[in-house]
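# Examination of the molecular architecture
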Amino acid sequence: MGEEATEIRKEIISSSSLVFAVNDQRFELSNVDPSTTLLEFLRSQTPFKSVKLSCGEGGCGACVVLLSKYDPVLDQVEDFTVSSCLTLLCSVKGCSITTAEGVGNSKAGFHTIQERFAGFHASQCGFCTPGMCVSFFSALVNADKTNRPEPPPGFSKLTVSEAEKAIAGNLCRCTGYRPIADACKSFAADVDMEDLGLNSFWKKGESDEVKLSRLPPYIHSNASSRFPEFLKTEIKAGANLISEGHRWYRPISVQQLQNLLKMDENNDGTSTKLVVGNTGTGYSKEFQCYERYIDLKYIPELSIIRNDLTGIEIGAAVTISKAIQALKEENEYEFHQGKMVFKKIADHMEKIATAFIRNSGSVGGNLIMAQRKQFPSDIATILLSVGTLVNIITGQKLEKLTLEEFLDMPPLHSRSVLLSIKIPLWKSGINKDISSQTDAKLLFETYRAAPRPLGNALPYLNAAFLAEVSLCSTGVMLDDCQLAFGSYGTKHSIRARQVEEFLTGKVLSAGVLYEATKLLGATITPEDGTSNPSYRSSLAVGFLFEFLSPLVDTPAEILRGWLNGYNGAEWFIDSKVKQNNGQFDEIKLPTLLSSAKQVIQASKEYCPVGEPIPKTGAAIQASGEAVYVDDIPSPKNCLHGAFLYSTEPLARVKGIKFNPGLPDGVTALITVKDIPGENLGVSCIFGEEPLYADEVAQCIGDRIAFVVADTQKHADLAAEHAVIDYDKENLESPILSVEEAVERCSFFEVPPFLCPEQVGDFSKGMAEADHQILNAELKLGSQYYFYMELQTALAMPDEDNCIVVYTSNQSPEYAHDTIAKCLGLPGHNVRVITRRVGGGFGGKAIKSIPVATACALAAYKLQRPVRIYMNRKTDMIMAGGRHPMKITYSVGFKSNGKITALKLDILIDAGIYTDVSLYMPELMVGTLKKYDWGALSFDIKVCKTNLPSRSSMRAPGALQASFITEAIVEHVASTLSIEPDSVRNINLHTYNSLNFFYKNNAGEPLEYTLPSIWDNLATSSSFYRRTEMIKEFNRSNKWRKRGISRVPTVHEVALRPTPGKVSILKDGSIVVEVGGVELGQGLWTKVKQMTAYALSLIQCGGTEELLEKVRVIQADTLSLIQGGTTGGSTTSESSCEAVRLCCNVLVERLNVLKERLLKQMASVGWGTLITQAYLSSVNLSASSLFIPGISSTSYLNYGAAVSEVEINLLTGETTILRTDIIYDCGQSLNPAVDSGQIEGAYVQGIGFFMLEEYPTNSNGLVIANGTWTYKIPTVDTIPKQFNVEILNSGHHQNRVLSSKASGEPPLTLAVSVHCATRAAILEARRQLVSWNGLDESNAAKFLQLKVPATMPVVKELCGLDSIQKFLQWTMGSK
């Protein structure tokens, strides 16, 4: 063996450097840890910070870069996106990387993409924007390489569909996607300019020519990426890399690979990792570091794509994207039935993961994961159905197996290598022993049911069916078939052999189909522990039915014609399959958006306030130059931290050890014993909570310690390998539900001043009722914030026992107080700075404070800078999220639907600490009062449980209350058998009832705009006409049903005292500080507008250009005090008013000087005025604290939405066809910003009501802890048509320039989607009842639709056995 090893080492040439380029800069590295990702390198070793870490799994797109490879043989450059958080640095040898800064930047000039993103208002918090821009840049570059016809000037060769799909894999939590899609569509040659929404380039009504001339120009011939000339000479295959303890090999032959694998035989392959794109680690979450990495991309046999008349052979290292391309290519199969099979395989593959994962993930890697790790692979299923073969080599032994045999084998040995796969070319005559019938037809379809139509989501089940059918005298004969199923909670994809045998040779009929579905239901049985097992089995039945049902019941005239010698089989079967398209929604509906319109009324009264100007900083957000906390370069000797948290809900912590020993780079473990002051992680007006558990961990996710290491990777690894020793002796059992909290009287006491008042006399109202519903129950779960920027902080010790902390935080003032108390320092020794936050939604109001405090404590103790960037899994476990609750209600009502009394008993799960939970009753009741209930009685208990404390999340309490109110209205409507809309109508407030319920906050009668909004929305959305059209649609369609719903919102908000400071510098530029923090909500933009307006009242020359002179700077707790918290939708207007007060003072001071100067000169310009003010020692800095008056502290917001949905009865998928919103913004401070807030909030609400499950295990530990399992809305799940109208009502003298809030209230309108889904399900259930042979009046009139109404929930309510019922009914009716 020794000699052999020596030979192997001789064969492997070592190279000591890795050469590549980033944004045209050359990098040469000689000592690289092969486990280093491209993201880690870019963020720590280069100035390019646009690549953001958000999920670390390749599931969000925040870290996307463009990778360019040069092929010296073809003299061509290949450009494609990759996920830099998964791509290993060593694999980019000879490549050129382009980040968002390389696409365009403020120094060299912004790219048209970045300018259009800014102009279409497509960036809010901005954290996801660079990744979006790079994804779209890649699409532009590749479209413009094609030989498509030249596009019109100003456009690219992209189509609208391609433009939208280009960003389909990128997540955004702020915008709601619509403006992003519009920015991308503006480049498409086939775009209808009318379909593009609100932007800063053109005005409504201008012609297409004018619109195009106003767009930032795009020259498509300049689109190509730049591949540096110096890199072309560096292209060498094979060279290896060696660094301390690690080796990276690039074998160039199978023999070299075999020799390398032989070296690792003694370790059973555990010290060697085979690499193509490394995308598998996104799923498997590997923490292991390997001694050897073997890059397979340079082995010709593994990169082969070969076509011949027997099929297509694809090498195992070929990327999924290249496989798709090969399967779609025009070739000798053009008029062959097998071409159709290849094309459909390719179409299905395009729904796997995202483009940036398909570009680097290999076909072979996907199949190996399916074979070794039970990965729920789509590729395995679709290839299994077409009889794919696999080639495996072990040593010198080459094996050819069927894919079925390969999947059934024990996990492939580490010495074995999957070389390639062979997809056969199919033609009629699946069974090759039977001579092909001339009139046979080959049919092939693939299916997947997943939370997102376009991919980026694992399926609940996937399937692919290949069949050969022919006509016989009695109908359509199924001559042969291959049925494959996978991803349903089984070890690997399978062939349904029994069902195949049963169907083969049979004439298709309802009876045959019924027997086949019964057999299939027994075959597709998920393993124990799989979620939604019955749903997955029903999907299998649904897909088979969708495939075969068009071929059942052949019309007699077709058969007669065929029997008389006319070969109509091909025509007939084609036409039957085409009819199928009308029946099943998956084929018919477009996957993406069709159109949107925004109706706004810009106001000139307080110019530039009221104008839809682009968000401040949008362009630098798009280029990645905007600096977030984790983008601040690490100071010298900086350390990184990670939390150790409890995995038990209530346990004594006996000790902490690391397995298998102290990991690399660990410097310290900080615990409660290291705290010099008070053990405080949060100290604010809402309450206090400890920083670290003192002996007993009180809940799952409770902070136990803080491990500090030399890198974030090492800190995270150490936290992952920490073993905490628990002891539960003599401790009570934990409280894990509100029911247990009630049993044990575990409640937080709500102080009297936070207890809302009851309304009216409940007993009297019940006595007046004709009908009553008593003690009905509702339950609501939680929702996770999913801010794109995770919790992060950087703490630096400063001179004289001081500390500076940079934090991504909605409440810097509270963080400042907490840190001072924890460290035992006076407040003036602590400085907390927050520039911008990459998404907060309430999750960074309180929850970010312990993160900043932990960093500050570690930095203070170690006297070194310490920073943290939490990983997504830890954050999801510790975050708490939205408050879950249990609701019991009793309601009395008249026969016409008028409600006379409502009583609510609500149990709120607050978790272990108070956080903001004591405010929840008040926040909920504000929205619960939105209807005239006659009388409203409630008992709201805030339960203390051993779960992570819940915190505020956008529209806290109000979102849950909106669901409760609408569920009650629907229950009343179903009890009376009347339309829910008429119950809503009759219970809308009059001004008098509004005044009765809301007392002093109702405002003047003119301010109550809801009745007119309600009526106008019915007209603008064609609500009544569409309701009738939907009834007709539902009568005509068995397997698709539609529903529509109109809901109002009445949302109470309150203003808080807010500070401001305005200073005018010597050159006339203006610097502004406010208490509010920029979270993406456009606060800085509105403040800039207000500053420019308020200072323009000086009325001197040049004030029309003041907007460009204003800069709003970061929140700094020693510079501006009393900042409070940014939240509750009103901080922007409060900050604007604070700034206006400052400007009024400055204008007053300057006016005196101006009057004096005008006596000496004809006119005074801004520059002259300020110069003279400095010479005259006028104080040009003013501070203020805006304190809202009693009459203006709280007010009501109004809006309404109509949503129409379509459900697929076979899968439970809900498609939102259209949403129309009218929302009263008072007199909007910036309609573009407010429109973005309305859409973004609404889409976040869709996530809560339809998609986002945040499940835990029996101990309360979150199990949906990443992008694989937690699904926020994507561009393919928002309304296809999304219309928003901002009503500028302007009747608000007590408001800030008559403006109203927009950040949270629209979120509650998303309940309209849930209600519309319920309506569609009721239609499906009426149909199901009729198939059971009962009268439709027997259908259950009211159904509880869970939140979120996911696909399994909808399908279950539509009937898991609906197909069997339909087939039985069909057989019976004959």
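Structure: above.
Thresholds applied
Residues numbered from 1 in each chain as written. Predicted model: local features only at pLDDT ≥ 70, side-chain atom pairs only at ≥ 80, totals over all residues. Heavy atoms only, no water. Helix = DSSP H or I, 4+ residues; strand = E, 2+ residues; numbered from the N terminus. Rg over C-alpha atoms; globule rule 2.2 N^0.38 Å. Buried < 20%, exposed > 50% of the residue type's maximum accessible area, 1.4 Å probe, protein only. Contact = heavy atoms within 4.5 Å. Areas by Shrake-Rupley, 256 points an atom, 1.4 Å probe, with all protein chains shown as cover. Lys, Arg positive; Asp, Glu negative; His and termini not counted. Charge placed at Lys NZ, Arg CZ, Asp CG, Glu CD. Core = buried A, V, L, I, M, F, W, Y, C linked by side-chain atoms within 4.5 Å. Pairing = 2+ DSSP bridges. Axes fitted to C-alpha atoms, helices over the stretch in contact; angles between N-to-C directions. Parallel < 35°, antiparallel > 145°, perpendicular 65-115°, else oblique. Nonpolar A, V, L, I, M, F, W, Y, C, P; charged D, E, K, R; others polar. Left-handed = near helix turned anticlockwise from the far one by under 90°. Phe/Tyr/Trp six-rings, centres within 6.5 Å; stacked < 30°, edge-to-face > 60°. Lys NZ or Arg CZ within 6 Å of the ring centre and 35° of its normal. Salt bridge = Lys/Arg side-chain N within 4 Å of Asp/Glu carboxyl O. Expected span 1.5 Å × (residues − 1).

Once that is clear, we can look at the overall build of the protein. Helix and strand counts for the protein stand at 43 helices and 47 strands. In terms of overall size, the protein behaves like a compact globule, its C-alpha atoms giving a radius of gyration of 32 Å where 1374 residues would be expected to give roughly 34 Å. In terms of principal-axis extent, the alpha carbons of the protein reach across some 105 × 85 × 80 Å. Across the 1374 residues in the protein, those meeting the buried criterion constitute 64%. Across the protein, the fraction of contacts at a sequence separation of at least 24, relative to all contacts at a separation of at least 6, is 78%. As presented, the protein carries roughly 49000 Å² of accessible surface, and 51% of it is formed by carbon and sulfur atoms. Each charge sign in the protein was given a centre, from 132 positive and 149 negative side chains, and these centres are 1 Å apart.

The subject of this paragraph is the nonpolar core. Core analysis: the biggest nonpolar cluster contains 296 residues, and Phe485, Phe706 and Leu904 have the highest contact counts within it. No other element matches the 11 residues that helix α32 (residues 958-976) contributes to this core. Not counting the four nearest positions on each side in its chain, Phe706 is found in contact with Gly641, Ala642, Phe643, Ala668, Leu669, Ile670, Tyr692, Ala854, Cys855, Ala858, Val866 and Ile868.

Looking now at the sheet that holds strand β45 (residues 1194-1208). Remark on secondary structure: sheet strands pair via backbone hydrogen bonds, oriented parallel or antiparallel. Strand order in the open sheet formed by five strands is β21-β47-β46-β45-β39, and the pairing between neighbours is mixed. The sheet is open, and its two borders are formed by β21 (595-599) and β39 (1040-1054), each paired with just one other strand. With strand direction ignored, the average angle separating the axes of adjacent strands in the sheet is 10°. Bridge count between β21 and strand β47 (residues 1281-1287): five bridges; the pairing is parallel. Among the inter-strand pairings, Gln598 is bridged to a residue of β47, identified as Val1284. Here helix α40 (residues 1231-1251) sits on the sheet in contact with β21, β45, β46 (1214-1224) and β47, set at roughly 130° to β47.

A word on the environment of Trp1039. As for its position among the elements, Trp1039 is in the loop between α36 (1023-1036) and β39. By relative accessible area, Trp1039 is classed as buried at 1%. As for Trp1039 and Thr1211, which are separated by 172 residues in sequence, their C-alpha atoms are 9.7 Å apart.

Next up on the list: the packing of helix α38 (residues 1131-1158) against helix α39 (residues 1166-1175). Running from N to C, α38 and α39 point in directions that differ by 105°, and their axes come no closer than 10 Å. Between α38 and α39, the interaxial angle falls into the category roughly perpendicular. Between α38, through Leu1150, Leu1153, Lys1154 and Leu1157, and α39, the contact on the second element is made entirely by Leu1169, Ile1170, Gln1172 and Ala1173. Broken down by class, the residue content of the contact of α38 with α39 amounts to six nonpolar, one polar and one charged.

Turning to the packing of helix α12 (residues 320-328) against helix α13 (residues 337-349), a few remarks are in order. Where α12 contacts α13, the axes come no closer than 8 Å and their chain directions differ by 155°. Considering their axes alone, α12 and α13 lie roughly antiparallel with respect to each other. Crossing hand, α12 versus α13: left-handed. Here Ile320, Ala323, Ile324, Leu327 and Lys328 of α12 come into contact with α13, specifically with Lys339, Phe342, Lys343, Ile345, Ala346, Asp347 and Met349. Of the residues belonging to the contact of α12 with α13, the class tally is eight nonpolar, no polar and four charged.

Each aromatic ring pair is described using two quantities: the centre-to-centre distance and the angle formed by the ring planes. Applying the stated criterion to the full structure yields 45 aromatic pairs. Judged by centre distance (6.0 Å) and plane angle (70°), the rings of Tyr784 and Tyr787 are edge-to-face. Judged by relative accessible area, which is 0%, Tyr787 ranks as buried. Between Tyr784 and Tyr1270, the ring centres sit 5.8 Å apart and the planes meet at 90°, which makes this aromatic pair edge-to-face. Of this pair, Tyr784 sits in the loop between β31 (771-780) and β32 (792-798) while Tyr1270 sits in the loop between α40 and β47; the two residues are 486 residues apart in sequence, bridging distant segments of the chain. Look at Tyr1270 and you get buried, because its relative accessible area is 1%. Here a set of aromatic residues connected by ring pairs shows up, and it is made of Tyr784, Tyr785, Phe786, Tyr787, Tyr1254 and Tyr1270. Here Arg116 stacks its cationic end above the ring of Phe187, 4.0 Å away from the centre of that ring.

What follows is about the environment of Asn1016. Of note, Asn1016 is situated in helix α35 (residues 1010-1020). When the C-alpha atoms of Asn1016 and Ile1222 are compared, they prove to be 8.4 Å apart, with 206 residues separating the residues in sequence.

In total, this model carries 66 salt bridges according to the counting rule given. Lys422 is paired through a salt bridge with Asp308; the nearest N and O atoms lie 4.0 Å apart. Here Lys422 is found in strand β15 (residues 416-424), whereas its partner Asp308 is found in strand β11 (residues 305-308), with 114 residues between them in sequence. Residues joined by salt bridges that share partners form a network here, namely Arg1026, Arg1040, Arg1042, Glu1204, Glu1206, Arg1218 and Asp1220.

Bringing helix α29 (residues 849-862) into the picture now. For α29, built from 14 residues, the straight-helix expectation of 20 Å at 1.5 Å per residue is met to within 8% by its first-to-last C-alpha distance of 20 Å. In terms of burial, α29 is a largely internal element, 12 of the 14 residues being buried. Of all the positions in α29, only Ile849, Pro850, Val851, Ala852, Thr853, Ala854, Cys855, Ala856, Leu857, Ala858, Ala859 and Tyr860 are classed as buried. Gln863 sits one or two positions beyond α29 and adopts a positive phi of about 55°.

Our next topic: unusual backbone geometry. Across residues other than glycine, the phi torsion is negative in most instances, and most of the peptide bonds are trans. In this model, Asn659 is joined to Pro660 through a cis peptide bond whose omega is 15°. You can see Pro660 is positioned in the loop between β23 (651-658) and β24 (666-670). A cis amide bond links Val1347 with the next residue in sequence, Pro1348, at an omega value of 0°. Assignment of secondary structure puts Pro1348 in the loop between α41 (1311-1331) and α42 (1351-1358). Here the phi dihedral of Asn775 falls at roughly 50°; this positive angle occurs in a residue that is not glycine. Mapped onto the fold, Asn775 is located in strand β31. For Asn775, a relative accessible area of 56% gives the class exposed.

All quantities given are derived from atomic positions and should not be read as evidence of function.
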